[in-house]
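Tertiary structure, described
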Amino acid sequence: MVVVGAGECGTRAAFELREAGWTGPITLVGAENVLPYERPPLSKSVLTGPDEACEPTALCESRALRDAGIEFIAGAAVTSIDRDAHRAVLSDGRRIAYQRLLLATGAAARRLPLAGIDAGGVRYLRSRADALVLRDRLRSGARVGVIGAGFIGLELAAAAAARGCAVTVIEAAPRPMSRAVPTSLATAVADRHRQAGVDLRCGLTVERLTRRDGVLLLELAGGEMLECDTVVAGVGAVPETALAEKAGLAVENGVRVDARLATSDPDVFAAGDCCSFPHPLYGGRRIRLEAWRNAQDQGRAAARNMLGDDQPFAAVPWFWSDQFDLTLQIAGLPDTAAQEVVRERPDGVRIRFGLGTDGRLRSAAAIATGNAVAKDIRLAEMLIARRAAPATAALADPATPLKALLRHAPI
Ligand SMILES: Cc1cc2nc3c(=O)[nH]c(=O)nc-3n(C[C@H](O)[C@H](O)[C@H](O)COP(=O)(O)OP(=O)(O)OC[C@H]3O[C@@H](n4cnc5c(N)ncnc54)[C@H](O)[C@@H]3O)c2cc1C
């Protein structure tokens, strides 16, 4: 069994292969020259924590890999896959035979197609190395320009503001996080950023970047020039599909897999940020997720299917984001909802449920300090998984516990 990519997904998959009973060799190949680590802290504690705690959390120690009999090859990329011969070819020339192979190559920060970008200085945030460079630059008083108000851009803006930087966020869309979050939640997040002194400017584009005397100048539409010491682009991520394409595998917004996470080659699977898959809870709609728990769950599911299981992957999508003292949680896919029902809890927290045209629950999203929405979102997730169609009045009524709705939902 060969796993390509030692991120969240690939590492979980490698361990699951062993736990699920595979006794033969397992090789985990990672292009980064470090032990597998968690990416979410890169835009959170790695930027804001004390110096001695600035390393991202390791996914496992070398010893755990050794004990599980996983051969971990770090700092080498798989450059091609010879599917006829069932061999993976590595950047250092090694060839590794496989019976089944998992592509867990993740995603890369989308590059900005911007005039002057080659002047240098624009940073991205995807890897440990990126985060450590940024951490060093987010010094108190530094002028930080963030291009893009998606999750990464906003988490980074919150971290920079917390470190005393003067932060400006430029977003082309009329509101932040326009891809995945209901408008009302996006407004609450925007308000929190402004309260903390972040200059969040939506509906505005960056036209050009220049560098003068060590200062980066962002030229905004309309001609305004914004002086920055550091500019970071958070304009989305693109799936790492080059290897799959080279191997002649089907690619469609990510490596195309079926419900079992198998690619167009039955001996090659793909999972995590790099793949697009049909989701049975959403009428088989093909989606690609960039979410931590999905990467874990799909890694495990793919591992079991690589060993002969035949389980479709049907976990409810779930995502969280931390910005300042707020945590946002989303279960399901808000953009598949036709109707919104809001439940306002006695503590003022609003849970926004999305229902499909058939009345079934499709999504739930909320924002609050700390972990205050976790339990309700977890229950909503279970309702979504059961394809529940709760009465809207009950859903809106905080006196009706979500647990009670679950009791009436089909299993
Ligand atoms: C800064 C940041 C903050 C995030 N915060 C959150 C959050 O708050 N909540 C949330 O739900 N999600 C969050 N995410 C998303 C989450 O981290 C990802 O969904 C998850 O890491 C995806 O795991 P993966 O294993 O599929 O891909 P990745 O983590 O991208 O790992 C893929 C690995 O494969 C390696 N690789 C690629 N090609 C090859 C090759 N040819 N050969 C060998 N190795 C290769 C790459 O170097 C990489 O190490 C965040 C992501 C980032 C970047």
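Please read these numbers as outputs of a predicted model, since none were measured by experiment.

This part takes up the pairing of strand β23 (residues 326-332). In terms of burial, β23 is largely enclosed, as 7 of its 7 residues are buried. The turn joining strand β22 (residues 318-323) and β23, which pair antiparallel and follow one another in sequence, is formed by 2 residues; a positive phi near 55° is taken by phenylalanine 324. Bridge analysis of β23 against strand β26 (residues 361-369) gives 7 bridges, and the strand direction is antiparallel. Looking at β26, one finds that alanine 331 is bridged to alanine 364.

Turning our attention to helix α9 (residues 374-385). Along its 12 residues, α9 runs 16 Å from first to last C-alpha, staying within 8% of the 16 Å computed at 1.5 Å per residue. Considering only its buried residues, α9 is in contact with α8 (292-306), β22, β23, β25 (350-355), β26 and α11 (402-407). Once α9 ends, the next one or two residues include arginine 387, with phi positive near 55°.

When the charged atoms of two side chains with opposite charge come close together, those side chains can pair. As enumerated under the stated definition, the model contains 34 salt bridges in all. With a closest N to O distance of 3.0 Å, glutamate 32 and arginine 39 form a salt bridge. For arginine 39, a relative accessible area of 26% corresponds to the partly exposed category. Where salt bridges share partners, they join Arg293, Asp297, Arg378 and Glu381 into one cluster.

Below, the discussion takes up the site of the ligand. Glu32, Arg39, Lys44, Arg126 and Asp273 are the nearest of the 35 residues found near the ligand. Between lysine 44 and the ligand, the recorded distance is 2.6 Å, taken from a side-chain N or O atom to an oxygen atom. Contact distances for the ligand include 2.7 Å between an oxygen atom and a side-chain N or O atom of arginine 126. The fraction of the free accessible surface of the ligand (1,000 Å²) that becomes covered by protein chains is 92%. Sorting the residues of the shell around the ligand by element identifies α1 (8-19), β2 (26-30), α5 (151-162), α8 and β22 as the ones contributing at least two each. Residue classes in the shell around the ligand are distributed as 20 nonpolar, 7 polar and 8 charged. For the shell around the ligand, the domains that each give at least three residues are domain 1 (2-108 + 238-306) and domain 2 (111-235).

Now for the sheet that holds strand β15 (residues 225-228). Through backbone hydrogen bonds, the strands of a sheet pair up, either in parallel or in antiparallel fashion. The strand order across the open sheet built from 3 strands is β13-β14-β15, with neighbouring strands paired in antiparallel fashion. The open sheet has two edge strands, β13 (206-212) and β15, and neither has a second partner. On average, each strand axis in the sheet is inclined to that of its neighbour by 25°, with strand direction left out of account. In this sheet, β15 lies alongside strand β14 (residues 215-220) in antiparallel orientation, the contact comprising 4 bridges. Across the sheet, the residue bridging to leucine 217 is glutamate 227, located in β15.

Tracing the backbone through its elements, the reader meets leucine 361 in strand β26. For the pair formed by leucine 361 and alanine 388, sequence separation is 27 residues and the distance between their alpha carbons is 6.0 Å. Discounting chain neighbours no more than four positions away, the residues touching leucine 361 are Phe353, Gly354, Leu355, Ala380, Leu383, Ile384, Ala388, Pro390 and Leu395.

Attention now goes to the pairing of β26. Counting buried residues along β26, 8 of its 9 residues qualify, which places the element largely inside the surrounding structure. What sits between β25 and β26 in their antiparallel hairpin is a turn of 5 residues, with glycine 359 showing a positive phi close to 80°.

Under the feature "domain: Reductase C-terminal" (unreviewed entry), the UniProt entry names residues 318-406. Overall, residues 318-406 shows 25% helix and 38% strand. The separation of its end C-alpha atoms is 18 Å.

Relative to the elements of secondary structure, isoleucine 96 occurs in strand β6 (residues 95-97). Sequence separation between isoleucine 96 and arginine 352 is 256 residues, and the spatial gap between their C-alpha atoms is 49 Å.

Rules of the game
- Residues numbered from 1 in each chain as written.
- Predicted model: local features only at pLDDT ≥ 70, side-chain atom pairs only at ≥ 80, totals over all residues.
- Heavy atoms only, no water.
- Buried < 20%, exposed > 50% of the residue type's maximum accessible area, 1.4 Å probe, protein only.
- Helix = DSSP H or I, 4+ residues; strand = E, 2+ residues; numbered from the N terminus.
- Pairing = 2+ DSSP bridges.
- Expected span 1.5 Å × (residues − 1).
- Contact = heavy atoms within 4.5 Å.
- Salt bridge = Lys/Arg side-chain N within 4 Å of Asp/Glu carboxyl O.
- Near = heavy atom within 4 Å.
- Polar contact = N/O pair within 3.5 Å; in protein donor to acceptor, adjacent residues only side chain to side chain.
- Areas by Shrake-Rupley, 256 points an atom, 1.4 Å probe, with all protein chains shown as cover.
- Nonpolar A, V, L, I, M, F, W, Y, C, P; charged D, E, K, R; others polar.
- Domains from an automatic or database assignment.
- Axes fitted to C-alpha atoms, helices over the stretch in contact; angles between N-to-C directions.
- UniProt positions renumbered as here; feature names shortened; annotations may be inferred.

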